[in-house]
Amino acid sequence: AQTVTQSQPEMSVQEAETVTLSCTYDTSESDYYLFWYKQPPSRQMILVIRQEAYKQQNATENRFSVNFQKAAKSFSLKISDSQLGDAAMYFCAYRRYSLIFGTGTRLQVFP
Amino acid sequence: NAGVTQTPKFQVLKTGQSMTLQCAQDMNHEYMSWYRQDPGMGLRLIHYSVGAGITDQGEVPNGYNVSRSTTEDFPLRLLSAAPSQTSVYFCASTGRVNSPLHFGNGTRLTVT
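What you are looking at is a predicted structure, and each value in this text was computed from that prediction instead of being measured. (Residues numbered from 1 in each chain as written. Chains lettered and ligands numbered in written order. Predicted model: local features only at pLDDT ≥ 70, side-chain atom pairs only at ≥ 80, totals over all residues. Heavy atoms only, no water.)

Enquirer: Any chance you could explain the overall build of chain B here in plain terms?
Expert: Helices and strands together make up the secondary structure of chain B, namely zero helices and eleven strands. In chain B, the succession of α and β elements from N to C terminus is β-β-β-β-β-β-β-β-β-β-β. On C-alpha atoms alone, chain B measures out to a radius of gyration of 13 Å, which is about the 13 Å that the 2.2 N^0.38 rule sets for 112 residues. Looking at chain B as a whole, 49% of its 112 residues qualify as buried. Counting contacts in chain B only where the partners sit at least 6 residues apart, residues at least 24 apart contribute 52% of the total. Within the structure as shown, chain B displays about 5,100 Å² of accessible surface, and the carbon and sulfur contribution to it stands at 50%. Looking at chain B, you have 8 positive and 7 negative side-chain charges, and the mean spots of the two groups are 10 Å apart. (Helix = DSSP H or I, 4+ residues; strand = E, 2+ residues; numbered from the N terminus. Rg over C-alpha atoms; globule rule 2.2 N^0.38 Å. Buried < 20%, exposed > 50% of the residue type's maximum accessible area, 1.4 Å probe, protein only. Contact = heavy atoms within 4.5 Å. Areas by Shrake-Rupley, 256 points an atom, 1.4 Å probe, with all protein chains shown as cover. Lys, Arg positive; Asp, Glu negative; His and termini not counted. Charge placed at Lys NZ, Arg CZ, Asp CG, Glu CD.)

Quick look at the structure:
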């Protein structure tokens, strides 16, 4: 069975600084998709970024980028120029058929 | 375009009561799923469906039933509620395996 592990329950960053959230996963599949979702206090689930496993190039969306290491089964999220609005729970997720989530990392952003 | 609509937003049940959480999407998505979110546990998959008439179990299916008679609707039934089912429930849908999920706004369920 696939599993997703987020080993950092909480992280904090100063406004305008850079922070990296870690995620590892376990799968025997070669074709799959990886996602980072953001959940603010409103409970809404917001897609941050996604990565197709067959693509070697790391995905980037504005201030958000990933470091995808397929052999190591690692999928970390880097947030550059952190903003107060980035404070939220961040979930890493793996998808082959169903979507499996990690336990989340709570990110605090300090002014 | 309503997206994914979950009802109710809040619900309180007594142990042993039954109820159905409703989920509807208007995007003609084939894939729909139910998750529960507990503190420190992330989102765990309860049941999912890859199309009308097709359902399958996720990580934590016990105590829940689902059916998918139409593409639009994917209700989640609690047959006999237990305090361990106190949680926030999310319904989600997507049209393709490589597309992000569209989430409903969640249902906060408390079982006393």
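There's more to say after this.
Enquirer: What's the story with the state of the cysteines in this structure? I'm lost.
Expert: Defined simply, a disulfide is a covalent bond joining two cysteines at their sulfur atoms. With the rule as written, the count across this model stands at two disulfides over all chains. A sulfur-sulfur distance of 2.0 Å marks the disulfide that ties Cys23(A) to Cys92(A). Taking the sign of the torsion about the S-S bond as the criterion, the disulfide between Cys23(A) and Cys92(A), at about -70°, is left-handed. Taken together, the residues span a long stretch of sequence, with Cys23(A) in the loop between strand 3 (19–21) and strand 4 (24–26) and Cys92(A) in strand 10 (residues 88–95) at a distance of 69 residues. One exposure class covers both Cys23(A) and Cys92(A), and it is buried. The disulfide bridge from Cys23(B) ends at Cys91(B), spanning 1.8 Å between sulfur atoms. Between Cys23(B) and Cys91(B) the disulfide shows an S-S torsion of about -70°. By sign, it is left-handed. Of this pair, Cys23(B) sits in strand 3 (residues 19–25) while Cys91(B) sits in strand 9 (residues 87–94); the two residues are 68 residues apart in sequence, bridging distant segments of the chain. Of the two residues examined, Cys23(B) and Cys91(B), each falls in the buried class. (Disulfide = S-S within 2.5 Å.)

Enquirer: Mind showing me how you'd approach the environment of Thr60(A) here?
Expert: All names here are of chain A. When you line up the elements, Thr60 lands in strand 7 (residues 60–61). Expressed as a C-alpha distance, the spacing of Thr60 and Thr20, which sit 40 residues apart in the sequence, is 14 Å. Dropping the residues within four chain positions of it, Thr60 is found in contact with Ile49 and Ser65.

Enquirer: For this particular structure, what's the right way to read the packing of aromatic side chains?
Expert: Centre distance and the angle of the planes are the two values used to describe a pair of aromatic rings. Counted according to the given criterion, the structure contains 15 aromatic pairs over all chains. Through pairs of rings, three or more aromatic residues link up here, namely Phe35(A), Tyr37(A), Phe91(A), Phe101(A), Tyr35(B), Phe90(B) and Phe103(B). The side chain of Arg95(A) reaches across the aromatic face of Tyr31(B), ending 4.4 Å from its centre. For the cation-ring pair, Arg68(B) lies above Phe74(B), with the distance from its terminal atom to the ring centre recorded as 6.0 Å. (Phe/Tyr/Trp six-rings, centres within 6.5 Å; stacked < 30°, edge-to-face > 60°. Lys NZ or Arg CZ within 6 Å of the ring centre and 35° of its normal.)

Enquirer: Mind showing me how you'd approach the sheet that holds strand 1 (residues 4–7) of chain B here?
Expert: Residue and element names in this part refer to chain B. The four strands lie next to each other as 1-3-8-7, forming an open sheet whose pairing is antiparallel. This sheet does not close on itself; its edge strands, each paired only once, are strand 1 and strand 7 (64–66). Direction aside, the axes of adjacent strands within the sheet are offset by 20° on average. The pairing of strand 1 with strand 3 spans four bridges and is classified as antiparallel. (Pairing = 2+ DSSP bridges. Axes fitted to C-alpha atoms, helices over the stretch in contact; angles between N-to-C directions.)

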